Amino acid sequence: MRTSPLSAIAVVALLVFAGCTGLPGADENSSPDASPDVSPDEFPNASAIDQSVFDSHATVMANTSFTLSTEKNRTDRVLHPSEKDVRHMNDTSRFLAEPSNSQYLLDTTGYFSGNGSTYSNGSAEYVLFEDDRTTVRKLSPASVFNESSDRYLWRGLFSNDSMRQLDHAAIDATYEREGVETFQGVPVMRYEATGVDALSDSWAGGENASSWYEEFSATLLLDEDGVIRHYEYEFVWAESTTQRITQSYTLSDVGNTDVEKPDWAEDATAGS
């Protein structure tokens, strides 16, 4: 594991639970058989599912506290005969946000981002490295914790100009409404995109998506207020060193997340 600073900007798409080989799935927390007392008319049509739902989500979440857990699993084919057929790389993260008090905390574990924490007050970030070193630095203009950033709370993070090809390809897919259900006690509409044919070819320069992938699926759970309660996707490559990538984002403790400056950040100084 390398020792590297943990920026709060990029780790959002690089985080996972070890051992997961499929999508972490919203099904563990959802209840499709439940009958929420809410009309499907309260939710957008499937054609409205695109980058704009993340922008609307960011606007709502700026007014409440929340916890966001993200997971990522990547499986690579290994061609060297002395090694196993596949190699698994995993990461997990937990973002705690209290925007009304400009308090944010990120904990990460795993292959891509390393082990450590980042605390932010909305303008600066305090970083705890995996070797217990600490430092204080100005927030990047692209940080999801930077209250002056266009990317604040993931606004625009999956847009086509974000250089995040898989994230953009997944949200740019064709979704279908699958009905209202309950997720963590909240009525949500389930939107699903299934199969390579659901992917747009435009993001890949007009090439047919089926020439790149064998499988694709995505699920998005949206509540009545436009808050994304859960989002996940999976890509399986037809011919590539990378065989499979799964990514998920799960929101919890909305309005009930408290963030305090950790003890290790109290002693951190610039360049320490």
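**Side note on the overall build of the chain**
Item 1. Along the backbone of the chain there are three helices and twelve strands.
Item 2. The buried share of the chain, reckoned over its 272 residues, is 53%.
Item 3. Intrachain contacts of the chain at a sequence separation of at least 6 include 64% that bridge at least 24 residues.
Item 4. Total accessible area on the chain stands at roughly 12600 Å², and carbon and sulfur atoms take up 44% of it.

**So, the environment of Ser 69**
Item 1. Its place among the elements puts Ser 69 in strand β2 (residues 66-77).
Item 2. Setting aside residues no more than four positions away along its own chain, Ser 69 makes contact with Ser 93, Arg 94, Ser 248, Tyr 249 and Thr 250.

**Thoughts on unusual backbone geometry**
Item 1. The residue Ser 102 is not glycine, and still its phi comes out positive at about 50°.
Item 2. Tracing the sequence through the fold places Ser 102 in the loop between β3 (86-98) and β4 (103-110).
Item 3. If you check the backbone angles, Gln 184 has positive phi at about 50° while not being a glycine.
Item 4. Topologically, Gln 184 is positioned in the loop between β8 (176-183) and β9 (186-194).

**Some remarks on the packing of aromatic side chains**
Geometry of an aromatic ring pair is reported as the spacing of the ring centres plus the angle between the planes.
Item 1. All told, the structure shown has 15 aromatic pairs when counted by the stated rule.
Item 2. Centroid distance Tyr 233 to Phe 235: 5.6 Å. Interplanar angle 75°. Geometry classified as edge-to-face.
Item 3. Judged by relative accessible area, Tyr 233 falls into the buried class, the value being 3%.
Item 4. Take Phe 235: its relative accessible area is 0%, and that puts it in the buried class.
Item 5. Here the guanidinium or amino end of Arg 133 rests over the ring plane of Phe 129, the centre of that ring lying 4.3 Å away.

**A closer look at the nonpolar core**
Item 1. Core analysis: the biggest nonpolar cluster contains 48 residues, and Tyr 175, Tyr 191, Phe 216, Leu 220, Tyr 231 and Phe 235 have the highest contact counts within it.
Item 2. Excluding residues within four positions of it along the chain, Leu 220 makes contact with Ile 49, Val 53, Ile 171, Met 189, Arg 190, Tyr 191, Ile 228, His 230 and Tyr 231.
Item 3. In terms of nonpolar packing, the next biggest core, distinct from the first, is built from eight residues, Leu 96, Tyr 119, Val 259 and Ala 265 among them.

**Things to note about the confidence of the model for the chain**
Item 1. Per-residue confidence for the chain gives a mean pLDDT of 81, with 78% of residues at or over 70.
Item 2. Per-element mean pLDDT across the chain ranges from 60 in strand β1 (residues 30-31) up to 97 in β9.
Item 3. Per-residue pLDDT stays below 50 along residues 1-22; that stretch engages in 96 contacts with residues further than four places along the chain or on separate chains.

**Overview of the pairing of β2**
Item 1. For β2, a buried count of nine out of twelve residues is recorded, marking the element as mostly surrounded by other parts of the structure.
Item 2. As judged from the twelve bridges shared by β2 and β3, these two strands associate in the antiparallel manner. Note that in β3 the partner of Lys 72 across the bridge is Asp 91.
Item 3. In this structure, β2 lies alongside strand β12 (residues 242-252), joined through ten bridges in antiparallel fashion. When the bridges of β12 are listed, Asn 73 appears paired with Thr 246.

**Description of a negative patch on the surface**
Item 1. A cluster of acidic residues, Asp 41, Glu 42, Glu 224 and Asp 225, forms a negative patch at the surface.
Item 2. Look at Glu 224 and you get partly exposed, because its relative accessible area is 41%.

**Thoughts on the pairing of strand β11 (residues 228-237)**
Item 1. Counting buried residues along β11, ten of its ten residues qualify, which places the element largely inside the surrounding structure.
Item 2. Counted between consecutive antiparallel strands, the loop separating strand β10 (residues 213-223) from β11 contains four residues, among which Gly 226 sits at a positive phi close to 85°.
Item 3. The sheet contact formed by β11 and β12 spans seven bridges and is antiparallel. Following the sheet pairing, Val 236 is matched in β12 by Arg 244.
Item 4. The turn joining β11 and β12, which pair antiparallel and follow one another in sequence, is formed by four residues.

**A look at the pattern of salt bridges**
Item 1. On inspection of all chains with the given rule, the structure shows eight salt bridges.
Item 2. The salt bridge partner of Asp 131 is Arg 133, with a shortest N-O separation of 2.8 Å.
Item 3. Among the residues examined, Asp 131 registers a relative accessible area of 38% and is labelled partly exposed.
Item 4. A salt bridge links Glu 234 to Arg 244; the shortest N-O distance between them is 2.7 Å. You can see Glu 234 sitting in strand β11 and its partner Arg 244 sitting in strand β12, a full ten residues away along the chain.
Item 5. Assessed through its relative accessible area of 11%, Glu 234 is described here as buried.
Item 6. The class for Arg 244 is partly exposed, based on a relative accessible area of 22%.
Item 7. Three or more residues are tied together by salt bridges with common partners; here these are Arg 74, Asp 76 and Arg 87.

The rules behind each value
- Residues numbered from 1 in each chain as written.
- Predicted model: local features only at pLDDT ≥ 70, side-chain atom pairs only at ≥ 80, totals over all residues.
- Heavy atoms only, no water.
- Helix = DSSP H or I, 4+ residues; strand = E, 2+ residues; numbered from the N terminus.
- Buried < 20%, exposed > 50% of the residue type's maximum accessible area, 1.4 Å probe, protein only.
- Contact = heavy atoms within 4.5 Å.
- Areas by Shrake-Rupley, 256 points an atom, 1.4 Å probe, with all protein chains shown as cover.
- Phe/Tyr/Trp six-rings, centres within 6.5 Å; stacked < 30°, edge-to-face > 60°.
- Lys NZ or Arg CZ within 6 Å of the ring centre and 35° of its normal.
- Core = buried A, V, L, I, M, F, W, Y, C linked by side-chain atoms within 4.5 Å.
- pLDDT = per-residue confidence, 0-100.
- Pairing = 2+ DSSP bridges.
- Patch = residues over 30% accessible without salt bridge, like charges linked within 9 Å, V, L, I, M, F, W, Y side chains within 5 Å.
- Salt bridge = Lys/Arg side-chain N within 4 Å of Asp/Glu carboxyl O.
- Lys, Arg positive; Asp, Glu negative; His and termini not counted.
- Charge placed at Lys NZ, Arg CZ, Asp CG, Glu CD.

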